[in-house]
Amino acid sequence: VDRMLRASAAPLELLRHRDNRGNTVFHYAARYGRYETLEMLGLHCGRCQGDGSLFDAKNEGGETPLSITTAHTNRRTIAVLRSMITGRDARKAWCA
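Source: prediction; values computed, not measured.

A.B. asks: Tell me about the pattern of salt bridges, and name the residues and values.
C.D. replies: Under the defined criterion, the tally for this structure stands at 2 salt bridges. Between Glu 13 and Arg 16 there is a salt bridge; the shortest N-O distance is 3.6 Å. Of this pair, Glu 13 and Arg 16 both sit in helix H2 (residues 11-16), separated by 3 residues, roughly a single helical turn. When the shortest N-O distance is used, the salt bridge between Arg 31 and Glu 63 registers 3.7 Å. You can see Arg 31 sitting in helix H3 (residues 25-31) and its partner Glu 63 sitting in the loop between helix H4 (35-47) and helix H5 (65-71), a full 32 residues away along the chain. For Arg 31, a relative accessible area of 26% puts it in the partly exposed group.

Laid out in structure tokens, this is it:
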């Protein structure tokens, strides 16, 4: 994912892409507890000056990445997503 986003002329468009159920790459990373992927995606959003709406976008079921990961009770992924939404450093949020 990192290489694909670095090579893309429009990385923000890739991050905004939704599947037929309205899920973004953030929804999938949250669902499967991929906190490393979420941290990397957050770095790319910062580079392409994306807004925070990507971190809490709702799919067609009304789920956000945070609500998905909360349902799966993955504490580290929850900490990473919360830090993205609030703008805090994910490592500090997890260690706190």
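That was the structure; now back to the text.
A.B. asks: Tell me what's going on with the nonpolar core, and back it up with residues and numbers.
C.D. replies: Ranked by internal contacts, the top residues of the largest apolar core, which has 16 residues, are Leu 15, Phe 26, Leu 38, Leu 41, Leu 81 and Met 84. For this core, the secondary-structure elements that each account for two or more residues are H2, H3, H4 and helix H6 (75-86). Looking at which element gives the most residues to this core, the answer is H6, with 4 residues. Ignoring sequence-local partners within four residues, the contact set of Leu 41 consists of Val 1, Leu 5, Leu 15, Val 25 and Phe 26.

A.B. asks: Pulling in residues and values, what's your account of the environment of Met 40?
C.D. replies: Inspection of the secondary structure puts Met 40 in helix H4. Taking the C-alpha atoms as reference points, Met 40 and Val 1, 39 residues apart in sequence, are found 8.8 Å from one another. In this structure, Met 40 is in contact with Val 1, Asp 2 and Leu 5, ignoring residues within four places of it in sequence.

A.B. asks: I'd like a description of the side chain of Thr 24, backed by residues and values.
C.D. replies: Position of Thr 24 among the secondary structure elements: in the loop between H2 and H3. The exposure class assigned to Thr 24 is buried, which follows from its relative accessible area of 3%.

Here is what the cut-offs are and how they apply
Residues numbered from 1 in each chain as written. Predicted model: local features only at pLDDT ≥ 70, side-chain atom pairs only at ≥ 80, totals over all residues. Heavy atoms only, no water. Salt bridge = Lys/Arg side-chain N within 4 Å of Asp/Glu carboxyl O. Helix = DSSP H or I, 4+ residues; strand = E, 2+ residues; numbered from the N terminus. Buried < 20%, exposed > 50% of the residue type's maximum accessible area, 1.4 Å probe, protein only. Core = buried A, V, L, I, M, F, W, Y, C linked by side-chain atoms within 4.5 Å. Contact = heavy atoms within 4.5 Å.

Any link to function would need more than the numbers given here.
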